[in-house]
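What follows is each chain in one-letter form.
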Amino acid sequence: MKEILDEVERWREAGEKVVVATVVATRRSAPRPVGTSLAISESGKMCGSVSGGCVESDVFENAMEVMKSGAPKMLSYGITDDMAWNVGLPCGGEIDVFVEPVE
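The present account deals with the structure reproduced in this document. (Residues numbered from 1 in each chain as written. Predicted model: local features only at pLDDT ≥ 70, side-chain atom pairs only at ≥ 80, totals over all residues. Heavy atoms only, no water.)

**Side note on the overall build of the protein chain**
Part 1 of the argument: In terms of regular secondary structure, the protein chain is built from three helices and five strands.
Part 2 of the argument: Listing every helix and strand of the protein chain by position from the N terminus yields α-β-β-β-α-β-α-β.
Part 3 of the argument: By sequence separation, contacts in the protein chain at least 24 residues apart represent 52% of the contacts at least 6 residues apart.
Part 4 of the argument: For the protein chain, the exposed area adds up to about 6,000 Å²; of that, 55% sits on carbon and sulfur atoms. (Helix = DSSP H or I, 4+ residues; strand = E, 2+ residues; numbered from the N terminus. Contact = heavy atoms within 4.5 Å. Areas by Shrake-Rupley, 256 points an atom, 1.4 Å probe, with all protein chains shown as cover.)

If you want it as structure tokens, here you go:
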């Protein structure tokens, strides 16, 4: 979370709303550990990371919804070991990501 704090502060000082997505649980293989965060500004800027690829695009879309509604969300993503193997990954895994507005 520390790596995104300066950027979040700059965005807020510029008058932008900000949402932070944080990995709160992992099961089996995961690209980022628990506590890793991604900040998203109202103008669409991003800082940090919770995963990669299609997961981060979906987190971004959900973050924009959270920004509009003000209501936090828990998101879950995963892939089975068989699915992972079929696309060339050594194993599957799951992550839970909590998305919340910064007040």
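Next, the rest of the story.
**Describing the pattern of salt bridges**
Side chains that differ in sign of charge can pair as their charged atoms come close.
Part 1 of the argument: Applying the stated criterion to the full structure yields six salt bridges.
Part 2 of the argument: For the salt bridge of Asp96 with Arg27, the shortest nitrogen-to-oxygen distance reads 3.0 Å. Here Arg27 lies in strand S1 (residues 18–28) and Asp96 lies in strand S5 (residues 93–101), a separation of 69 residues in the sequence.
Part 3 of the argument: Its salt-bridge partner being Arg28, residue Glu94 comes within 3.6 Å of it at the nearest N-O pair. Taken together, the positions of Glu94 in strand S5 and Arg28 in strand S1 put the pair 66 residues apart, joining distant regions of the chain.
Part 4 of the argument: Taken together, the salt bridges that share partners define one network made up of Arg27, Arg28, Glu94 and Asp96. (Salt bridge = Lys/Arg side-chain N within 4 Å of Asp/Glu carboxyl O.)

**Considering the nonpolar core**
Part 1 of the argument: Ala21, Val50, Val59, Tyr77, Val97 and Val99 are the most contacted members of the largest nonpolar core, which has 18 residues in total.
Part 2 of the argument: At the level of elements, S1, strand S2 (37–41), helix H2 (53–69), strand S4 (73–79) and S5 are the ones that each hand at least two residues to this core.
Part 3 of the argument: Counting residues per element, this core draws most heavily on H2, at seven residues.
Part 4 of the argument: When neighbours within four sequence positions are excluded, Val50 is seen to be in contact with Ala21, Val23, Arg32, Thr36, Ser37, Leu38, Glu56, Val59, Ile95 and Val97.
Part 5 of the argument: Ile4, Val8, Val18 and Ala39 belong to the second largest nonpolar core, which has seven residues in total. (Core = buried A, V, L, I, M, F, W, Y, C linked by side-chain atoms within 4.5 Å. Buried < 20%, exposed > 50% of the residue type's maximum accessible area, 1.4 Å probe, protein only.)

**What about the sheet that holds S1?**
Part 1 of the argument: Taking strand neighbours across the sheet as the criterion, the five strands line up as S3-S2-S1-S5-S4 in an open arrangement whose pairing is antiparallel. Strand pairing shows two members of the sheet lacking a second neighbour, strand S3 (46–48) and S4, which therefore form its edges. This sheet shows a mean twist of 20 degrees between the axes of neighbouring strands, independent of strand direction.
Part 2 of the argument: Looking at chain direction, S1 and S2 are connected through five bridges and run antiparallel. Bridge pairing in S2 links Val20 to Ala39.
Part 3 of the argument: Against the sheet, H2 makes contact with S1, S2, S3, S4 and S5, and its axis sits at roughly 165 degrees relative to S4, the strand it touches most. (Pairing = 2+ DSSP bridges. Axes fitted to C-alpha atoms, helices over the stretch in contact; angles between N-to-C directions.)

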